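# Understanding the architecture of this molecule
So the chains spell out like this:
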Amino acid sequence: MQQQERDSGPWYREPWPWLLMAGPFLAIIGCVITIVLAFQNNPDRDVRLDARKQGLVVIREGTGPLVPVARSNVKRE
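Below is a summary of the structure that appears in this document. Every chain's residues receive numbers from 1 upward, in the order its sequence appears when written. Where totals are concerned, whole chains, interfaces and linings use all residues; where local detail is concerned, this predicted model gives features only for residues with pLDDT of at least 70, and gives and counts side-chain atom pairs only at 80 or more. Only hydrogens and water are set aside; all other atoms, that is, all heavy atoms of the structure, feed into the side-chain values.

## Observations regarding the overall build of the protein
Secondary structure elements follow DSSP: runs of H or I of four or more residues count as helices, runs of E of two or more count as strands, with numbering from the N terminus. In terms of helices and strands, the protein carries one helix and two strands. What you see in the protein, going N to C, is helices and strands ordered as α-β-β. Only protein chains enter the area calculation, which uses a 1.4 Å probe; residues under 20% of their type maximum are buried, those over 50% are exposed, and those in between are partly exposed. Counting every position in the protein, which comprises 77 residues, the buried fraction comes to 0%. For the protein, the exposed area adds up to about 8700 Å²; of that, 58% sits on carbon and sulfur atoms. All accessibility values rest on the Shrake-Rupley procedure with a 1.4 Å probe; residue burial counts only the protein chains present in the view.

Here's what the structure looks like:
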C-alpha cells in the first residue's frame, strides 16, 4: 500500500476553523452592543397616570374614557 501525504495548505484556508470561531465571535459582538446600549444616556421618562394610589386602592381622577380590562379569572354565569 502506498500512503500519500496531502498538504491541504495553511489552516486559515480551511472553512471549518472559521465556522467554529464564528459563534464565539458573534457572542462577543452581541455583548459589546449590549454594553454600549446599557451605558448610553437614555433617561427613563415619567409616566403620567390620571390616578392616585391610597394604600392598596387606586383612585381614578381623570375624565377620559374607561378601558375595559379582560380578566381570565372572573367566573361568568
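Back to the text.
## What to know about the packing of aromatic side chains
Any Phe, Tyr or Trp ring, taking Trp's six-membered ring, that has another such ring centre within 6.5 Å forms a pair; planes under 30 degrees apart are called stacked, those over 60 apart edge-to-face, and the others tilted. Per the counting criterion, the structure on display carries two aromatic pairs. Ring centres of Trp 11 and Tyr 12 lie 6.0 Å apart, and the angle between their planes is 85 degrees; this geometry places the pair in the edge-to-face category. You can call Trp 11 exposed: its relative accessible area is 52%. Measuring from ring centre to ring centre gives 5.8 Å for Trp 11 and Trp 18, while their planes differ by 25 degrees; the resulting arrangement is stacked. Classification of Trp 18 by relative accessible area gives partly exposed; the value is 45%. By the ring-pair criterion, three or more aromatic residues cluster together here, those being Trp 11, Tyr 12 and Trp 18.

## So, a nonpolar patch on the surface
A surface patch of nonpolar side chains, amounting to about 510 Å² of accessible area, comprises Phe 25, Leu 26, Ile 29, Ile 33 and Leu 37. Among the structural elements, Ile 29 can be located in helix α1 (residues 15-39). Surface patches are defined over residues having more than 30% relative accessible area and no salt bridge, joining like charges when they lie within 9 Å and nonpolar side chains (Val, Leu, Ile, Met, Phe, Trp, Tyr) when within 5 Å. Counted as salt bridges are all cases of a side-chain nitrogen of Lys or Arg within 4 Å of a carboxyl oxygen of Asp or Glu.

## Describing α1
Expected span of a helix, by definition, is 1.5 Å for each gap between consecutive residues, and there is one gap fewer than residues. The first and last C-alpha atoms of α1 sit 36 Å apart over 25 residues, in line with the 36 Å expected at 1.5 Å per residue. In the structure, α1 departs most strongly from a straight axis at Ala 22, where the bend amounts to approximately 35 degrees and where the proline Pro 24 lies between one and four residues downstream. Fitting axes to the seven residues that end at a residue and to the seven that start at it, the angle between those axes gives the bend at that residue.

## Regarding the pairing of strand β2 (residues 57-60)
The pairing of strand β1 (residues 51-54) with β2 spans four bridges and is classified as antiparallel. Of the residues in β2, the one forming a bridge with Lys 53 is Val 58. Linking β1 back to β2 in an antiparallel pair, the connection comprises two residues, with Gly 55 at a positive phi of about 70 degrees. Criterion used throughout: strands pair if DSSP finds at least two bridges between them.

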